Amino acid sequence: MSDSQLYVKGDNKITKPALYTGLVILLAILPLFVKSPYYLNVCILTFTYIVAAVSLRVILISGQTSLAHAAFMGIGAYTSAVLAKELGWTPWICIPLGALVTTGIGILVAFIFSRVRALLFGMLTIFFGMGIIYVIQVFSKWTGGYAGIMGITPLFGISKVPYYYFFLGITVVSLLALYRFEFCRIGKTLKTLDQSYLVASSVGIDEVKTRVLAVGVGSFFVGLIGAAYAHYTLVLSPTSFGVLQSIYLVMYVLIGGLGSFAGPIIGTAVLVIIPEAFRGLKGYSPFIFAGLLLIINFLMPQGLVGLPQLIRSRLEHRKGKGGTHAP
Amino acid sequence: METAVVTAINSLMLSAMYILVALGFALLFSIAGILNFAHGALYMLAGYICYIVAVEFGINPWVALAGTIIVMGLLGLFLERFLFRPFWGNLNRTIVTAIAIIVILETGINVSLGAGVLKQIPDFASGLIETSTFRFSVERLVIFAVSAILLAFMVWFITRTKLGLRMQAIAQEREGASLQGINIYRVAAFTFALGCMLAAVAGCFMGSLYNLDPFMGELMLLKIVEVVILGGVGSIAGILVGGLMLGTIDAVLPQFVSGQATQAIALGIIILFLLVRPQGFFGRLV
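Cut-off values and rules
- Residues numbered from 1 in each chain as written.
- Chains lettered and ligands numbered in written order.
- Predicted model: local features only at pLDDT ≥ 70, side-chain atom pairs only at ≥ 80, totals over all residues.
- Helix = DSSP H or I, 4+ residues; strand = E, 2+ residues; numbered from the N terminus.
- Rg over C-alpha atoms; globule rule 2.2 N^0.38 Å.
- Buried ≥ 20, exposed ≤ 12 C-beta atoms within 10 Å, placed from the backbone.
- Contact = placed C-beta atoms within 7 Å.
- Nonpolar A, V, L, I, M, F, W, Y, C, P; charged D, E, K, R; others polar.
- Core = buried A, V, L, I, M, F, W, Y, C linked by C-beta atoms within 7 Å.
- Expected span 1.5 Å × (residues − 1).
- pLDDT = per-residue confidence, 0-100.
- Axes fitted to C-alpha atoms, helices over the stretch in contact; angles between N-to-C directions.
- Parallel < 35°, antiparallel > 145°, perpendicular 65-115°, else oblique.
- Left-handed = near helix turned anticlockwise from the far one by under 90°.

## Comments concerning the overall build of chain A
Phase 1 of the analysis: Looking only at helices and strands, chain A features 14 helices and 2 strands.
Phase 2 of the analysis: Computed over its C-alpha atoms, the radius of gyration of chain A comes to 20 Å, within 12% of the 20 Å expected for a compact globule of 327 residues.
Phase 3 of the analysis: Once the C-alpha set of chain A is aligned to its principal axes, its extents read approximately 70 × 55 × 40 Å.
Phase 4 of the analysis: Sorting the 327 residues of chain A into buried and exposed places 44% on the buried side.
Phase 5 of the analysis: Sequence-distant contacts, at least 24 apart, represent 76% of the contacts inside chain A between residues at least 6 apart.

Here's what the structure looks like:
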């Protein structure tokens, strides 16, 4: 798996942060122009899934295929919602608590599952995800079971604008934290596990500790955003945290590009916004999603982040710069 | 006593269904290395195709079954050649393709045939067998008998025919088999078609016993994964054992606990099993 960084012309040290800062500023002034609650909702949804996808990627690059990520989001969401509803605590406390509980469970599960690798690990996470759904349904006295929870304590009032900024803030902070984590000394060891756990352990990298760390970090942020999401939508249903949603999250990361930090961001944005734009097709809109998957899968091996590189190499090929190809 | 016999037949029949579908999936994985998540959706598609032929065109269910098998076999060849072969060895992109196929099939069936009256394929055999102590439907017996014969044929095929031996060779050592002159691409294509045909049989039978549902493939996929995990990767005997176990659990437990609890218990058993013995009953350690 090669590391395809988002290729920007010029000195990456200056242009890339500038690009991102510009993007954040644009997003910050968006509500001044876009007033419709529908569009703001789409943005908030996109922010939520971006954090979920980027946190999933942290787990994926350590070589662990987790298909339970949406379940962790659900753990964070339900924990925070139930705490707020049953104990009456303010969401500002419940949300961090939800994130912490998710992290705790993630660490536990990662430790228990650390015996198995690759395929089997993936299948175990599928089963874990389903197990969480069952747990939610068993404790229906607090969680509302299959029908879901309603009337969760909201963070702000009716208007979506404060929520927009809240989610934008969480997203920026989370992404910054995750980015720093990936490139810090410990974060770099994650990728070594994926490339070769044998070589990694021979150099002294503790496989179990690193894997648990990856899942812990990933679970924290997805639990955080899940809890925040609960206090935004005010309604939760177990189906939105099932295996299908976990698979979608993995799709967001893969389609965007697993090798680059920006990958899940772009992948999520594309795969959430475009089908949403085709919402008018009602029952047919999944076709758009599937179509996007197939097109990107066949044409872009590196995912969406590889698109500029792909275009560039195609253009150079046309211009005849590639001297390696026989006429 | 009477329930015991009925339950026994049910569990055998259910096991046979699971084994049929899981076998196609496992063969594909062992031989071509393709993890075909869409196998459940293909099973569902076969059921609906049979339904359309049998009900909309009013053709005899057995003939419809034969037709469905042929169609699914051809579809399998097509899918392998154009959608899965480009991604040999690349698990990530195979999964993406499979998910896309699942979404397309499920959405397509859902918007066209999903809603409205529950759909069911007409019985393959009618009547009840009634003795003084118990009675059960002939159809279940017939389905089980046909499935058992089919499975026995499959085992014979894989172990005795040249093509079957080639499949085994590729599963054991792909490059070595290729060096011996075995055309792995052709065998992989055949395996895919074979898997689809087996799933077609199961889909048609299940569609006759129970109602058709656009999302029944997802449930079946879960069963497939459970069977393969229990049995172990790379072992046919494992699939038989795993399928039998799962079929029995699914036939016996609902008598005592609710359907959901059955699933949860089965899941729990499997998770524990995986943690204690990751390679399944007869599998190799991946």
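Having seen the model, we can carry on.
## A word on the interface of chain A and chain B
Phase 1 of the analysis: Each side of the interface is counted separately: chain A has 25 residues, and chain B has 22 residues.
Phase 2 of the analysis: Elements with a minimum of two residues in the side of chain A that touches chain B: helix H5 (118-138), helix H11 (243-256) and helix H13 (285-299) of chain A.
Phase 3 of the analysis: Of the residues in the side of chain A that touches chain B, the class split is 21 nonpolar, 3 polar and 1 charged.

## Description of the nonpolar core
Phase 1 of the analysis: Counting 190 residues, the largest nonpolar core has Met 251 of chain A together with Val 21, Ala 22 and Ile 99 of chain B as the members making the most contacts within it.
Phase 2 of the analysis: Residues within four places of Ile 99 of chain B in sequence aside, it is in contact with Ile 247, Met 251 and Leu 293 of chain A together with Phe 37 of chain B.

## Considering helix H9 (residues 216-231) of chain B
Phase 1 of the analysis: End to end, H9 of chain B covers 22 Å across 16 residues, agreeing with the expected 22 Å (1.5 Å per residue, within 8%).
Phase 2 of the analysis: Counting buried residues along H9 of chain B, 13 of its 16 residues qualify, which places the element largely inside the surrounding structure.

## A short note on the environment of Thr 268 of chain A
Residues and elements named next belong to chain A.
Phase 1 of the analysis: Considering the arrangement of structural elements, one finds Thr 268 in helix H12 (residues 262-277).
Phase 2 of the analysis: Residues Thr 268 and Phe 166, 102 residues apart in the sequence, show an inter-C-alpha distance of 19 Å.
Phase 3 of the analysis: The contact partners of Thr 268, leaving out residues within four places of it in the chain, are Thr 46, Tyr 49, Ile 50, Ala 53, Tyr 252 and Gly 256.

## Topic: the confidence of the model for chain A
Phase 1 of the analysis: For chain A, the mean per-residue pLDDT works out to 85, and 93% of the residues sit at or above 70.
Phase 2 of the analysis: For residues 1-11 of chain A, every residue scores under 50 in pLDDT, and the model assigns this stretch 21 contacts once sequence neighbours within four places are set aside.

## Re helix H8 (residues 184-209) of chain B
Phase 1 of the analysis: Between its terminal C-alpha atoms H8 of chain B stretches 37 Å, which fits the 38 Å expected from 26 residues at 1.5 Å a residue.
Phase 2 of the analysis: Of all 26 residues in H8 of chain B, 23 are buried, a share of seventy percent or more.

## Digging into the packing of helix H4 (residues 91-112) of chain A against helix H10 (residues 207-233) of chain A
All names here are of chain A.
Phase 1 of the analysis: At a minimum axis separation of 7 Å, H4 and H10 run at an interaxial angle of 150 degrees. Considering their axes alone, H4 and H10 lie roughly antiparallel with respect to each other. For the pair H4 and H10, the crossing hand works out as right-handed.
Phase 2 of the analysis: Residues belonging to the contact of H4 with H10 are distributed by class as follows: 15 nonpolar, 9 polar and 1 charged.

## Quick word on the packing of helix H3 (residues 69-87) of chain A against H4 of chain A
Residues and elements named next belong to chain A.
Phase 1 of the analysis: Closest axis-to-axis distance for the H3/H4 pair is 8 Å, and the angle between their directions is 140 degrees. Accordingly, the angle class assigned to the pair H3 and H4 is oblique. In terms of crossing hand, the pair formed by H3 and H4 is right-handed. Every residue of H4 that contacts H3 at Phe 72, Ile 75, Gly 76, Ala 77, Thr 79, Ser 80, Leu 83 and Ala 84 is listed here: Pro 91, Cys 94, Ile 95, Leu 97, Gly 98, Ala 99, Val 101, Thr 102, Ile 105 and Gly 106.
Phase 2 of the analysis: Across the contact of H3 with H4, the residue classes break down as 12 nonpolar, 6 polar and no charged.

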